[in-house]
Amino acid sequence: MATLTATTVPRLADIRRLVVKIGSALLVDGTSGALRADWLRAMAEDVAMLKARGLDVILVSSGSIALGRGVLGLGRGALSLDEAQAAAAVGQIRLARAWEEALAPHGIVTAQILLTLDDSEDRRRYLNTRATFAALLGKGVVPIVNENDTIATDEIRYGDNDRLAANVAVMAGAEGCVLLSDVDGLYTANPREDATARHLPVIDRITPEIEGMAGDAGTGLSKGGMKTKVMAARTATAAGCAMAITEGSTLRPLSALEQGARATWFTATLDPQTARKRWISAMKPRGALRLDAGAVGALGQGKSLLPAGVASVIGDFQRGDPVTLEGPDGARLGLGLSRYTAEEARAIAGHRSDEIAAILGYPGRAALVHRDDMAF
């Protein structure tokens, strides 16, 4: 039997960074192609409520193609790639503006981030994206994320925003991810077809049996079915992020979730930081950084590695590559992801961070290896 529990249900109150995925069918009226203004305003109230508690919130919002196809009069049928990309280009600006206008009355600043699959699979792009999320969230901004449908082709697509939301949660180091859907969770069978189907409130481990329970049914505006949601849960939970699937059409669905609305929670056994450090520690190093005693002491206090603490650079590596961190005697201390190439690292080694721009000719990041990108 699948691994299930009726206890230990994660709570939004225990989450410090949350990703919320919003499907097209929730945001856009399937008949008129117009935004569901009341739902959007209510959702903005939920976001404001969470922000007031100190949570970081990231919204992965579908809807650009659904909005754009209405403006362009493309109807409800299947779209060619060119038509879908044109609809996304028209709809994306409207989608971003809608979120901006909904959240501005609450004093919340929004930002738009458009991603393709390459941005999470290429390590350098991954680090760039992660740094952007960190900078925005550090300023209290709510990022509005969507797939870059205006340029994405099948080869570089996530394919659905369930998968995108899980990958965003991993990149941003989120502890929770909520998929707002047209169903209230995972059942042992499709409840629309099987009256005996049982709802599964908590799943501690995704087994082949759990995967077999997932179907592919979706709405006319949505790409993802339950199978994609279970796949997303596998990605999220492996990175230390708990994930929930819950029905989202009600006004203020996150408040409803807090108050006990039915959902399926996939639990994570690790926290995001521990999961990330395990991922880094399993990498094969491409080079090494030998540190002075002062830098070793700073790392022991949980600080990032600054260029001033690097005595020498060994090997040839690119930005985002794993490098060994060595003590003054060459003893291995751990592994980290370099924010500079080997050539750049050699140029700035031993220098203060405020000298980087003058040495390289362009502004750089203060840390050569950030503390979040190290494993000891």
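Each value, and the rule that gives it
- Residues numbered from 1 in each chain as written.
- Predicted model: local features only at pLDDT ≥ 70, side-chain atom pairs only at ≥ 80, totals over all residues.
- Heavy atoms only, no water.
- Helix = DSSP H or I, 4+ residues; strand = E, 2+ residues; numbered from the N terminus.
- Buried < 20%, exposed > 50% of the residue type's maximum accessible area, 1.4 Å probe, protein only.
- Pairing = 2+ DSSP bridges.
- Axes fitted to C-alpha atoms, helices over the stretch in contact; angles between N-to-C directions.
- Parallel < 35°, antiparallel > 145°, perpendicular 65-115°, else oblique.
- Contact = heavy atoms within 4.5 Å.
- Nonpolar A, V, L, I, M, F, W, Y, C, P; charged D, E, K, R; others polar.

## Quick notes on unusual backbone geometry
The backbone of Arg252 sits at a positive phi, close to 55 degrees, despite the residue not being glycine. On the secondary structure map, Arg252 appears in the loop between β7 (242-247) and α10 (253-258). For Arg252, a relative accessible area of 27% gives the class partly exposed.

## Structural notes on the pairing of strand β8 (residues 263-266)
Both faces of β8 are covered, namely the face carrying Ala263 and Trp265 and the face carrying Thr264 and Phe266. In terms of strand pairing, strand β6 (residues 202-203) meets β8 through two bridges, oriented parallel. Residue pairing for β8: Ile203 is matched across the bridge by Phe266. Taken together, the four bridges between β7 and β8 define a ladder with antiparallel strand orientation.

## Looking at the packing of helix α3 (residues 64-71) against helix α4 (residues 81-103)
Contact geometry of α3 with α4 gives a least axis separation of 6 Å together with a crossing angle of 105 degrees. In terms of axis orientation, α3 runs roughly perpendicular to α4. Residue-level inspection shows Ser64, Ile65, Leu67, Gly68, Arg69 and Val71 of α3 in contact with α4, the latter providing Ala84, Ala87, Ala88, Val90, Gly91, Gln92, Arg94 and Leu95. Split into classes, the residues belonging to the contact of α3 with α4 amount to eight nonpolar, four polar and two charged.

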